[in-house]
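Listed below are the residues making up each chain.
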Amino acid sequence: GEDVEQSLFLSVREGDSSVINCTYTDSSSTYLYWYKQEPGAGLQLLTYIFSNMDMKQDQRLTVLLNKKDKHLSLRIADTQTGDSAIYFCAESESSASKIIFGSGTRLSIRP
Amino acid sequence: GAVVSQHPSRVICKSGTSVKIECRSLDFQATTMFWYRQFPKKSLMLMATSNEGSKATYEQGVEKDKFLINHASLTLSTLTVTSAHPEDSSFYICSASDYASTDTQYFGPGTRLTVL
């Protein structure tokens, strides 16, 4: 069945780069997403990538996709305290399909 | 950008009562809305897919008689938790797609339900 997996925790020093990794199993995945959730808040779509792309960059965010290995990563450059949150990797077959979420990676920033 | 609202943002109710949660797409029409549930420190699990003018499609294990979904218009879907129990306490999040102009779903801010 469909499954999305990611590590639960990541701790980085302020100013360093954060890399959050994710693997998925569904070969039909067309959309691959990264969402951010701050404490007590809803989901914020950070970025998404189509399955026919290898990379997408948006300011401090870089998404890399290895479709062969079904591996997705999110790199946050120059990590700031405001980046502390839970980051969810997710996938769907289309924008009209249900979204399958990973368990979320809690990113903490140390001074 | 596309905005999805939810009301209420927080609700506390007594066990046995029913609670209605609204999900609205404010500046676009959404023929399909999704309802998710998030347990503390857990991921989001899809509960059901709500289609305007038709019955919702529920995921396996979700009781349709307990979680009533109505999608009466292109901008509003409601989730009613009937005869709520403490184990129904959770964070409920909806999402909606704007097919006219975007390729993605937009999520509401969520509703935190606490059943005493």
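This text follows the structure it describes.
As the structure is a prediction and not an experimental result, all values here were calculated from the model.

Rules used in this analysis
- Residues numbered from 1 in each chain as written.
- Chains lettered and ligands numbered in written order.
- Predicted model: local features only at pLDDT ≥ 70, side-chain atom pairs only at ≥ 80, totals over all residues.
- Heavy atoms only, no water.
- Helix = DSSP H or I, 4+ residues; strand = E, 2+ residues; numbered from the N terminus.
- Rg over C-alpha atoms; globule rule 2.2 N^0.38 Å.
- Buried < 20%, exposed > 50% of the residue type's maximum accessible area, 1.4 Å probe, protein only.
- Core = buried A, V, L, I, M, F, W, Y, C linked by side-chain atoms within 4.5 Å.
- Pairing = 2+ DSSP bridges.
- Axes fitted to C-alpha atoms, helices over the stretch in contact; angles between N-to-C directions.
- Contact = heavy atoms within 4.5 Å.
- Buried area = accessible area lost by both parts, 1.4 Å probe.
- Salt bridge = Lys/Arg side-chain N within 4 Å of Asp/Glu carboxyl O.
- Polar contact = N/O pair within 3.5 Å; in protein donor to acceptor, adjacent residues only side chain to side chain.

A tally of helices and strands in chain A yields zero helices and eleven strands. Listing the helices and strands of chain A from first to last along the sequence gives β-β-β-β-β-β-β-β-β-β-β. Scaling as 2.2 N^0.38, a compact globule of 111 residues should have a C-alpha radius of gyration of about 13 Å, and chain A matches this with 13 Å. Seen along its three principal axes, the alpha-carbon backbone of chain A occupies a region of about 40 × 30 × 20 Å. Expressed as a percentage of the 111 residues in chain A, the buried residues total 47%.

Let us look at the nonpolar core. Trp35, Leu79, Tyr92 and Leu113 of chain B are the most contacted members of the largest nonpolar core, which has 24 residues in total. Taken together, the elements giving at least two residues each to this core come down to β2 (10–13), β3 (19–25), β4 (32–38), β5 (44–51), β7 (67–73), β8 (76–81), β9 (90–97) and β11 (111–115) of chain B. Core analysis: the second largest hydrophobic core is formed by 21 residues, Ile20, Ile49, Val63 and Leu72 of chain A among them.

Residue and element names in this part refer to chain A. The strand order across the open sheet formed by five strands is β1-β3-β8-β7-β6, and the pairing between neighbours is antiparallel. Each edge of the open sheet is held by one strand with a lone partner, namely β1 (4–6) and β6 (55–58). Taken over all neighbouring pairs, the strand axes of this sheet differ in orientation by 15° on average, direction set aside. Direction of pairing for β1 relative to strand β3 (residues 18–24): antiparallel, over a ladder of three bridges. Of the residues in β3, the one forming a bridge with valine 4 is tyrosine 24.

Moving on, we come to the side chain of serine 92 of chain A. Residue and element names in this part refer to chain A. Note on placement: serine 92 falls in strand β9 (residues 85–92). Here serine 92 falls in the buried class, since its relative accessible area comes to 1%. Apart from residues lying up to four places away in sequence, serine 92 is in contact with Ser29, Thr30, Tyr31, Tyr33, Ser97, Lys98 and Ile99.

The next point concerns the interface of chain A and chain B. With 21 residues of chain A at the contact, the number on the chain B side is 20 residues. Counting the surface lost from both chain A and chain B, the interface buries some 1,600 Å², and carbon and sulfur atoms represent 55% of this. Sorting the residues of chain A by area buried against chain B places Leu43, Ser95 and Lys98 of chain A first, and these three jointly supply 29% of that buried surface. For the interface between chain A and chain B, the tally reads one salt bridge. Lysine 98 of chain A is paired through a salt bridge with glutamate 59 of chain B; the nearest N and O atoms lie 3.0 Å apart. Our count for the contact surface shared by chain A and chain B stands at six residue pairs in polar contact (both at pLDDT 80 or more).

The subject of this paragraph is the environment of leucine 26 of chain B. Residues and elements named next belong to chain B. When you line up the elements, leucine 26 lands in the loop between β3 and β4. A sequence separation of 49 residues divides leucine 26 from threonine 75, and the C-alpha atoms of the two residues are 7.0 Å apart. Ignoring any residue separated from it by four or fewer positions in sequence, one finds leucine 26 in contact with Val3 and Ser5.

Before going further, it helps to examine the environment of threonine 81 of chain A. Residue and element names in this part refer to chain A. Topologically, threonine 81 is positioned in the loop between β8 (71–76) and β9. Among the residues examined, threonine 81 registers a relative accessible area of 51% and is labelled exposed. Along the backbone, threonine 81 and methionine 53 are 28 residues apart, and their C-alpha atoms lie at a distance of 30 Å. Setting aside chain neighbours within four positions, we find threonine 81 in contact with Glu14 and Ile109.

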